[in-house]
Amino acid sequence: MAISTEHHPATEVRAGSRRTTARLDALVEEVREVVSRGMAPDPTAYLVAEKLVPYLGVHGARSLLTPEQHEGDPDCYRQHLLHAESDGSFSIVALVWLPGQCTPVHDHLSWCVTGVHQGEEHERRYRLLPADEPGGNARLVATEDVTNPVGAVWPFAPPGDIHKVWNGCQEKAISIHIYGADISRLGSSVRRVYDLPADC
Ligand SMILES: [Fe+2]
C-alpha cells in the first residue's frame with residue numbers, strides 16, 4: 001500500500017466562490033461560538049454537527065448556498081470555499097458531486113463534520129492494519145458502508161478517519177463540510193491519500 005501526502009486535484013480551493021448568504025452567516029456565527037469554547041476535537045466536532053443539522057436541505061427561499069455554489073464540475077467533484085475564519089480556527093466548504101464522482105481513500109488533518117445538503121452520499125470507512133511481519137506492508141480493511149441522506153451528519157476527529165466518499169445516485173449531491181483548519185490556506189483538509197488494491 002502506498003500512502004501519499006499529495007492533495008487530490010479535486011480538493012483544491014477555487015477562487016471566486018466566496019460569496020455568502022444570510023443563512024450561511026448564521027451558521028458561521030453558531031460554529032464560531034462552539035469553536036471559541038476551546039474544547040477538544042471530538043466534542044467540538046459533535047457540537048458543531050448539532051449546529052449544522054438545521055441548515056441542511058431546502059428551506060423554502062432561505063438557501064444556504066448561492067446558485068454558483070451549487071455548480072459541479074464534469075471532470076471531478078468540486079469544492080466551494082464558503083467561509084474561512086480569520087484566525088484559521090475553522091472553515092466551511094460545500095462539495096458538489098455529480099453522479100459517479102468519488103474521492104480517493106483518504107484521512108484528514110483536523111476534526112471534521114460532514115452533512116448532506118442535497119441528494120445522497122455513499123461512504124466506505126476503513127481501518128489501517130499494521131504489517132503482519134517485519135518488512136511487510138500495512139493494509140486497509142473496509143469496516144463499514146454507509147448511505148447518507150439529506151440531513152445526515154457525521155462528526156469525527158483523527159486518527160481513525162480513513163474513508164472514501166462517492167455519489168452513487170443519478171442526481172447531483174451536495175454536502176457541507178466544516179473543518180477545524182484553515183482550508184483557504186491549506187487548500188484541502190486531506191492529510192494522506194491511500195493507494196489501495198483494486199478490490200478494496
Ligand atoms: Fe473525507
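### Section: the overall build of the protein
Turning to step 1, where the next piece is worked out: Check the secondary structure of the protein and you find three helices and 11 strands.
Turning to step 2, where the next piece is worked out: Walking the protein from its N terminus toward its C terminus, one meets helices and strands in the order β-α-α-β-β-β-β-β-β-β-β-β-α-β.
Turning to step 3, where the next piece is worked out: Taken over 200 residues, the protein has a buried fraction of 46%.
Turning to step 4, where the next piece is worked out: Long-range pairs, those at least 24 residues apart, make up 81% of the contacts in the protein between residues at least 6 apart in sequence.
Turning to step 5, where the next piece is worked out: When the accessible surface of the protein is summed, it comes to about 9,700 Å², and 50% of that surface belongs to carbon and sulfur atoms.

### Considering unusual backbone geometry
Turning to step 1, where the next piece is worked out: The amide bond that connects proline 158 to the next residue, proline 159, takes the cis arrangement and shows omega of 0°.
Turning to step 2, where the next piece is worked out: Relative to the elements of secondary structure, proline 159 occurs in the loop between strand E8 (153-156) and strand E9 (163-166).

### Side note on the confidence of the model for the protein
Turning to step 1, where the next piece is worked out: Per-residue confidence for the protein averages 86 on the pLDDT scale, and 88% of its residues sit at or above 70.
Turning to step 2, where the next piece is worked out: Here strand E1 (residues 2-4) stands out as the least confident element of the protein, with mean pLDDT 47; helix H2 (residues 41-52) is the most confident, with 97.
Turning to step 3, where the next piece is worked out: Across residues 1-17 the pLDDT falls below 50, and counting only partners more than four positions away or on other chains, this stretch makes 46 contacts in the model.

### Section: the environment of leucine 128
Turning to step 1, where the next piece is worked out: Mapped onto the elements, leucine 128 comes out in strand E6 (residues 121-129).
Turning to step 2, where the next piece is worked out: Taking the relative accessible area as the measure of exposure, leucine 128 reaches 34% and is therefore partly exposed.
Turning to step 3, where the next piece is worked out: Taking the C-alpha atoms as reference points, leucine 128 and leucine 140, 12 residues apart in sequence, are found 4.6 Å from one another.

What counts, and where the lines are drawn
- Residues numbered from 1 in each chain as written.
- Predicted model: local features only at pLDDT ≥ 70, side-chain atom pairs only at ≥ 80, totals over all residues.
- Heavy atoms only, no water.
- Helix = DSSP H or I, 4+ residues; strand = E, 2+ residues; numbered from the N terminus.
- Buried < 20%, exposed > 50% of the residue type's maximum accessible area, 1.4 Å probe, protein only.
- Contact = heavy atoms within 4.5 Å.
- Areas by Shrake-Rupley, 256 points an atom, 1.4 Å probe, with all protein chains shown as cover.
- pLDDT = per-residue confidence, 0-100.

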